[in-house]
Amino acid sequence: MPNFIKAYVRVVEKLGWFIGLFAMYLVFAMLAILLYSSFTKAFTIPAAWTLEMAQFVMTAYFMLGGAYSMQQNAHVRMDVAYTHWSPRTRAIVDSFTILFLITYLVLLLAGGISSTIYAFEYSEQSYSSWAPYMAPIKVVMVFGIALMLLQAIATLFRDVAAALGKPI
């Protein structure tokens, strides 16, 4: 594989690794929000923002952690025949099937960008009693989708290299 492809794979995987590690700690932020929510419901007037904020943090958690999960092969896979194949056969099949994921992510990214632009143009707010602006979480989602797309392309390069017998 050309050096620029190897460099691309290294840079994308390092970026995904750092952001994935950051995203792991968002679980603690979500737990703190839910704990605060529990205390306010038990002892004072419940805060209106806690449930929705916990949902936003959870959204950031799984959107930002997607590329890291893909990098670590932690995603779900149907292993009916896959485990019995040789590494080269797996790489060939993965090189083909990841094209569907890339297509899906491109369409998802286009829709996410459109939705984010709408949120900024019209100051879109949630319909809850708290009514937070939606643009910040939509930006995080678009960033997570873009990172996942970059990681999918890097995985494609890795699989093609492995199929050719020259792993990166």
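Residues numbered from 1 in each chain as written. Predicted model: local features only at pLDDT ≥ 70, side-chain atom pairs only at ≥ 80, totals over all residues. Heavy atoms only, no water.

Asks: Kindly report on the overall build of the protein, identifying the contributing residues and their values.
Replies: Looking only at helices and strands, one finds five helices and zero strands in the protein. The C-alpha radius of gyration computed for the protein amounts to 20 Å, which surpasses the reference 15 Å derived for 168 residues by more than 25%, pointing to a less compact arrangement than a globule. Overall size of the protein, expressed as C-alpha extent along the three principal axes, is 65 × 35 × 30 Å. Here the protein, with 168 residues, has 36% of them falling under the buried criterion. Within the protein, residue pairs in contact and separated by at least 24 positions form 74% of the contacts whose partners lie at least 6 positions apart. Accessible surface, the protein: about 10600 Å² in total, of which carbon and sulfur atoms supply 71%. Seen as two clouds, the 10 positive and the 7 negative side-chain charges of the protein have centres 13 Å apart. (Helix = DSSP H or I, 4+ residues; strand = E, 2+ residues; numbered from the N terminus. Rg over C-alpha atoms; globule rule 2.2 N^0.38 Å. Buried < 20%, exposed > 50% of the residue type's maximum accessible area, 1.4 Å probe, protein only. Contact = heavy atoms within 4.5 Å. Areas by Shrake-Rupley, 256 points an atom, 1.4 Å probe, with all protein chains shown as cover. Lys, Arg positive; Asp, Glu negative; His and termini not counted. Charge placed at Lys NZ, Arg CZ, Asp CG, Glu CD.)

Asks: Talk me through helix H2 (residues 26-43); I want residue IDs and the actual numbers.
Replies: Its 18 residues place the ends of H2 26 Å apart at the C-alpha level, agreeing with the 26 Å of an ideal helix rising 1.5 Å per residue. Residues of H2 that are buried: Leu-26, Met-30, Ile-33, Ser-37 and Thr-40. The buried residues of H2 occupy an angular sector of 90 degrees when projected down its axis, which confines them to one face. In H2, the exposed positions that point more than 90 degrees away from the buried face belong to Phe-28, Ala-42 and Phe-43. (Expected span 1.5 Å × (residues − 1). Arc of directions from axis to C-beta.)

Asks: If you had to explain a nonpolar patch on the surface to someone new, which residues and values would you point to?
Replies: A surface patch of nonpolar side chains, about 450 Å² in accessible area, is lined by Met-24, Tyr-25, Phe-28 and Leu-31. Following the sequence through the fold, Phe-28 ends up in helix H2. Taking relative accessible area as the criterion, Phe-28 reaches 53% and is therefore assigned exposed. (Patch = residues over 30% accessible without salt bridge, like charges linked within 9 Å, V, L, I, M, F, W, Y side chains within 5 Å. Salt bridge = Lys/Arg side-chain N within 4 Å of Asp/Glu carboxyl O.)

Asks: Explain the environment of Leu-64 residue by residue, including any values.
Replies: The residue Leu-64 is located in helix H3 (residues 50-71) in this model. A relative accessible area of 8% places Leu-64 in the buried class. Along the chain, Leu-64 and Gly-111 lie 47 residues apart, while their C-alpha atoms are 17 Å from each other. Leu-64 has contacts with Ile-19, Gly-20, Phe-22, Ala-23, Leu-26, Val-140, Phe-143, Gly-144 and Leu-147, leaving out every residue within four places of it along the chain.

Asks: Go over the packing of aromatic side chains with me, naming the residues and quoting the values.
Replies: This model, assessed by the stated rule, comprises nine aromatic pairs. When the centroid spacing of 5.7 Å and the interplanar angle of 80 degrees are considered together, the rings of Tyr-8 and Phe-157 count as edge-to-face. Of this pair, Tyr-8 sits in helix H1 (residues 3-24) while Phe-157 sits in helix H5 (residues 135-163), and the two are 149 residues apart along the sequence. Residue classification places Phe-157 among the partly exposed residues on the basis of a relative accessible area of 22%. (Phe/Tyr/Trp six-rings, centres within 6.5 Å; stacked < 30°, edge-to-face > 60°.)

Asks: How would you explain the side chain of Thr-155 if you had to name every residue and give the values?
Replies: By the element assignment, Thr-155 lies in helix H5. Excluding anything up to four places from it in sequence, Thr-155 contacts Met-70 and Ile-98.

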